Amino acid sequence: MMMKSEKGVVVATSGRLFEVRAEDGSHFKCEVRQKVKHIAVDTTPVAVGDDVLFTRTDDAHGAIDQVMERRTAFLRPSVGRETIMQILASNLDRLAAVVSIKSPPLKTSLIDRFLIAADMGSLEPLIVINKMDMKHPSDIEQIISAYRALGYDVIPVSALTGDGLDILREHLANHRTLFAGHSGVGKSTILNSLIPGLNLKTRSVSSHTNKGKHTTTNIKMFELPDGGFVVDSPGLKVMGLWEIDRENLPYYYRDFEPYYAKCRFHPCSHIHEPGCAVKAAVENGEIASFRYDNYVAIADTL
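Now for a look at the structure at hand. Residue numbers here run from 1 along each chain, matching the order of that chain's written sequence. Local features in this predicted model are restricted to residues whose pLDDT is 70 or higher, and side-chain atom pairs enter the listing and the counts only when it is 80 or higher, whereas totals over whole chains, interfaces and linings include all residues. Water and hydrogen atoms were dropped before computing side-chain values, which therefore reflect all heavy atoms in the structure.

1. What to know about the pairing of strand 13 (residues 229-232)
One ladder, built from four bridges, connects strand 11 (residues 176-180) with strand 13; its direction is parallel. Opposite arginine 176, over in strand 13, you have phenylalanine 229 as the bridge partner. We treat two strands as partners when DSSP finds at least two bridges between them. To qualify as a helix, a DSSP run of H or I must reach at least 4 residues; to qualify as a strand, a run of E must reach at least 2; elements of each kind are numbered from the N terminus. Strand direction decides the pairing type here: strand 12 (residues 220-223) and strand 13, joined by four bridges, are antiparallel. Across the sheet, residue lysine 220 finds its bridge partner in strand 13, namely aspartate 232. The antiparallel pairing of strand 12 with strand 13 creates a hairpin that spans five residues between the two strands, and glycine 227 there sits at a positive phi of about 95°.

Written out as structure tokens, the structure is:
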């Protein structure tokens, strides 16, 4: 007898198989129909968060027949194949850029890349700064204040002591949020604190490289006790930006916006032109210098 397609959501990836949660709460390991792969040219055929139609083949397995239209997406160029778009997760509300005070050290350039990726994917950004129990960099308060002044939610936490986790829970409740950041910043430790009994593997930061040891290899969606879901992603060594060039990069820096019209030249790269109102605002302290330095560094990579 021909089985009927039913609705589900992809909650995990593992090689060529995808874990689909049916509407009745049961889970199935699913392969992807060839027709789905053919439709998704130069992109990711199936991603965590996708709403799908699937067919059960037995009590534990099935096949994905169709991927429904994605509302939002967190995307980047595929590593080693920059002309192909990779969707890490879809149909999310928020992107939580998870960074640490140290071990590995705080990199505002990575935060900025995540903020740009969130904007491109129509996701509400959230900045989570972990390991606040460790010795702080001298400029941490200025960094937090600068992002908050731009309207970004910044949540300092310590997964070790529990400080700030209640505030984080409130921000995550009833939303679908992607946790993204370098290996070693403590994404898995935070999730273990938020979801009792989860017990994700955690590993320390290498003392030689000051970089995290990779523990999460697959992308998975977890249900939160207070409602909502969190998607845990592998630690990203590089956060590439999809279809961004030097001309449109300034429009992803909301602190530049009040000054565009005041520049002498249009368009203006805000890097080398004389009479640039953005550069003048940096010199006058109206734009945080670290934000401008990050902008120039990212522009140099495009």
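2. Some details on the side chain of threonine 13
Counting through the fold element by element, threonine 13 comes out in strand 1 (residues 6-14). Categorising residues by exposure relies on relative accessible area from a 1.4 Å probe, with only protein chains included: less than 20% of the type maximum marks a residue as buried, more than 50% marks it as exposed, and the intermediate range marks it as partly exposed. Residue threonine 13 is classed as buried on the basis of its relative accessible area of 18%.

3. Let's talk about unusual backbone geometry
Across the chain, the bulk of peptide bonds are trans and the bulk of non-glycine residues have phi less than zero. Here serine 103 and proline 104 are connected by a cis peptide whose omega angle stands at 0°. As for its placement among the helices and strands, proline 104 is situated in the loop between strand 8 (94-100) and helix 2 (108-120). Put simply, histidine 266 and proline 267 share a cis peptide bond, and its omega is 0°. Note that proline 267 resides in the loop between strand 13 and helix 6 (277-283). Unusually for a residue other than glycine, asparagine 91 sits at a positive phi of about 55°. Structurally, asparagine 91 is set in the loop between strand 7 (81-90) and strand 8. The phi torsion at histidine 270 lies on the positive side, around 65°, for a residue other than glycine. Structurally, histidine 270 is set in the loop between strand 13 and helix 6.

4. Considering the packing of aromatic side chains
Classification of ring pairs uses Phe, Tyr and Trp, with its six-membered ring standing for Trp, and accepts pairs whose centres are within 6.5 Å; under 30 degrees between planes counts as stacked, over 60 as edge-to-face, and the remaining range as tilted. One pass over the full model with this rule turns up ten aromatic pairs. Residues tyrosine 292 and tyrosine 295 carry aromatic rings whose centres are separated by 6.1 Å and whose planes lie at 35° to one another, so their mutual orientation is tilted. Here tyrosine 292 pairs with tyrosine 295, and both are found in helix 7 (residues 289-301), just three residues apart, close to one helical turn. When its relative accessible area of 1% is taken as the criterion, tyrosine 295 is described as buried. Stacked on the ring of phenylalanine 229, the Lys or Arg arginine 176 has its end atom at 5.9 Å from the ring centre. Here, over-ring charges are defined by two tests on the NZ atom of lysine or the CZ atom of arginine: distance to the ring centre within 6 Å, and angle to the ring normal within 35 degrees. The cationic tip of arginine 254 hangs over the ring face of tyrosine 152; the distance from NZ or CZ to the ring centre is 4.0 Å.

5. Remarks on helix 4 (residues 165-172)
Those residues of helix 4 that fall on the buried side of the exposure criterion are Leu165, Leu168 and Leu172. Down the axis of helix 4, the smallest arc covering the buried residues is 55°, so these residues share one side. Looking at helix 4, the residues exposed on the side facing more than 90 degrees away from the buried face are Asp166 and Glu170. Positive phi shows up at asparagine 174, right after helix 4, with a value of about 65°. Note: the arc covers the axis-to-C-beta directions of the helix.

6. Some thoughts on the packing of helix 2 against helix 7
What describes two packed helices is the angle between their axes and the distance between those same axes. In the contact formed by helix 2 and helix 7, the axes pass within 9 Å of each other and the chain directions differ by 70°. In terms of orientation, helix 2 lies roughly perpendicular with respect to helix 7. Contact with helix 2, carried on its side by Thr108, Ser109, Asp112, Arg113, Leu115 and Ile116, involves Phe290, Arg291, Asn294, Ile298 and Thr301 of helix 7 and no other residues of that element. Residue type decides the class: Asp, Glu, Lys and Arg count as charged, Ala, Val, Leu, Ile, Met, Phe, Trp, Tyr, Cys and Pro as nonpolar, and the leftover types, Gly among them, as polar. Split by residue class, the contact of helix 2 with helix 7 holds four nonpolar, four polar and three charged. Orientation is described by axes fitted as lines to C-alpha atoms, over the contacting stretch for helices, and by angles from 0 to 180 degrees between their N-to-C directions. For classification purposes, an angle smaller than 35 degrees is called roughly parallel, one larger than 145 roughly antiparallel, one from 65 to 115 roughly perpendicular, and anything else oblique. Contacts are assigned to residue pairs with any non-hydrogen atoms lying within 4.5 Å of each other.

7. Focus: helix 7
In a helix, the anticipated span is given by 1.5 Å times the number of residues less one. Compared with an ideal rise of 1.5 Å per residue, which puts 13 residues at 18 Å, helix 7 spans 19 Å between its outermost C-alpha atoms and is within 8% of the ideal. Phe290, Arg291, Tyr292, Asn294, Tyr295, Ile298 and Ala299 are the residues of helix 7 that are buried. For helix 7, the elements touching its buried residues are helix 2, helix 3 (140-149) and helix 6.

8. So, the nonpolar core
Nonpolar cores are built from buried Ala, Val, Leu, Ile, Met, Phe, Trp, Tyr and Cys residues. Side-chain atoms within 4.5 Å join them into one set. Within the largest apolar cluster, 31 residues are counted, with the highest numbers of intra-cluster contacts made by Val10, Ile64, Phe74, Leu95, Leu178 and Val231. Sort the elements by how many residues they give to this core and helix 2 lands first, with four residues. Once residues lying within four places of it in the same chain are set aside, the contact partners of valine 231 are Val48, Ala89, Leu92, Thr177, Leu178, Phe179, Ile219, Lys220 and Met221.

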